[in-house]
Amino acid sequence: MLLLTLRSDELETNPLLRWLHPRLMTQPKDVVEVTRISVNPLSSEQAQALGEALMLDKRTRSQLTALFGSDRASSVQSPFFVTELVRYLTEWQGEQPGELDGNAIDADELLRRRIERLPALARQVLEVLATAGRPIQRDIVRKLSGLGGEELQTLHKLRVAHFVRIRHGDGVELLEPYHDRIRETVARSIPEARSRTLHGALVTALERTSAEDFESLALHCERCGQRERASQYLQQA
């Protein structure tokens, strides 16, 4: 059995899913049986119950209760959104979420505000991870973000705040954004020139450590403007 989880918009935006989904759906049932289960948005009551279950502080819980009693509650419809809202209220208790926008609460804006308030070094780590687009060796992150002696403190802060996850594969530590929405939000914030520089640095690092990862090398070559090299790597992929 193969289990895939995805957001509905990824059927159009993800190249692999654009290729795979129609092929799966047209297979005879005796060859491949596809069962699609939709996860609907949370109701206001469900979102409030989840938020209150996550809240530990009485004052911030009362803020959350007041929010769900307002006409803006209908915009909070996903577990990710609720979790980000709870983290925002908990981390910055002096600021109300309504101050972000006079009419609506936006999960991406809450996340952006949380990222902006991180130390510069932590934001640099997120930029490297967002540009990489997939789990990447800790050694590469250390070098490209200039972690130095603050590595343990910075990564601990990012892990505790649920910005980064660390896992192990083939004897090495791999880092990646905790959630794809984090990767997307960070990637959108990186200036074009900085993005090209990071892609170029990733090409150099991957050529030294993962020289047979032709697909990643092609992607980063393309995005740093090295189209001829990208074509060469694609031919080897």
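Scoring rules and cut-offs
Residues numbered from 1 in each chain as written. Predicted model: local features only at pLDDT ≥ 70, side-chain atom pairs only at ≥ 80, totals over all residues. Heavy atoms only, no water. Helix = DSSP H or I, 4+ residues; strand = E, 2+ residues; numbered from the N terminus. Buried < 20%, exposed > 50% of the residue type's maximum accessible area, 1.4 Å probe, protein only. Contact = heavy atoms within 4.5 Å. Patch = residues over 30% accessible without salt bridge, like charges linked within 9 Å, V, L, I, M, F, W, Y side chains within 5 Å. Areas by Shrake-Rupley, 256 points an atom, 1.4 Å probe, with all protein chains shown as cover. Salt bridge = Lys/Arg side-chain N within 4 Å of Asp/Glu carboxyl O. Disulfide = S-S within 2.5 Å. Polar contact = N/O pair within 3.5 Å; in protein donor to acceptor, adjacent residues only side chain to side chain. Core = buried A, V, L, I, M, F, W, Y, C linked by side-chain atoms within 4.5 Å. Arc of directions from axis to C-beta.

Explain the overall build of the protein to me, and be specific about the residues and the numbers.
Looking only at helices and strands, the protein has 13 helices and three strands in total. When the 237 residues of the protein are sorted by exposure, 38% land in the buried category. Residue pairs at least 24 apart in sequence account for 57% of intrachain contacts in the protein once pairs closer than 6 positions are excluded.

Talk me through a nonpolar patch on the surface; I want residue IDs and the actual numbers.
A cluster of nonpolar side chains, contributed by Leu 2, Leu 4 and Leu 6, occupies part of the molecular surface with about 300 Å² of accessible area. A relative accessible area of 38% means that Leu 6 is categorised as partly exposed.

Can you lay out the state of the cysteines for me, pointing to particular residues and giving the numbers?
Tallied over the entire structure, the rule returns zero disulfides. Unpaired in this structure, Cys 221 has its nearest cysteine sulfur neighbour in Cys 224, at a distance of 5.4 Å. The buried category is assigned to Cys 224, whose relative accessible area is 15%.

I'd like to hear about the environment of Glu 151, residue by residue, with values.
Examined against the element boundaries, Glu 151 turns out to sit in helix H9 (residues 151–160). Taking the relative accessible area as the measure of exposure, Glu 151 reaches 9% and is therefore buried. Separated by 10 residues in the primary sequence, Glu 151 and Val 141 place their C-alpha atoms 9.9 Å from one another. Filtering out sequence-adjacent residues up to four positions away, Glu 151 remains in contact with Arg 138 and Arg 142. A polar side-chain atom of Glu 151 sits 2.6 Å from a polar atom in the side chain of Arg 142.

Can you lay out the nonpolar core for me, pointing to particular residues and giving the numbers?
Core analysis: the largest hydrophobic core is formed by 39 residues, its most contacted members being Leu 126, Leu 158, Phe 163 and Val 164. Those residues in contact with Leu 158 that lie beyond four places of it in its chain are Leu 118, Ala 122, Val 125, Leu 126, Phe 163 and Val 164. Of all hydrophobic cores here, the second largest spans 13 residues; its members include Met 55, Phe 81, Leu 85 and Ala 107.

Give me helix H8 (residues 138–145): which residues, what numbers.
Along H8, the positions that sit buried rather than exposed are Arg 138, Ile 140, Val 141, Leu 144 and Ser 145. All buried residues of H8 fall inside an arc of 155° around its axis, so they share one side. Looking at the residues trailing H8, positive phi occurs at Gly 146, about 65°.

Before we move on, can you summarise the pattern of salt bridges with the specific residues and values?
Under the criterion given, the structure shown has 20 salt bridges. In this structure, Arg 188 and Asp 108 form a salt bridge, with 3.9 Å as the shortest nitrogen-oxygen distance. Residue Arg 188 is found in helix H10 (residues 180–189), and its partner Asp 108 is found in helix H6 (residues 107–116); the two are separated by 80 residues along the sequence. Residue classification places Asp 108 among the partly exposed positions, given a relative accessible area of 24%. Its salt-bridge partner being Arg 112, residue Glu 109 comes within 2.4 Å of it at the nearest N-O pair. Note that Glu 109 and Arg 112 are positioned in helix H6 at a spacing of three residues, about one turn of the helix. We classify Arg 112 as partly exposed; its relative accessible area is 31%. Several salt bridges converge on common partners, so that one network encompasses Arg 138, Asp 139, Arg 142, Glu 151 and Glu 173.

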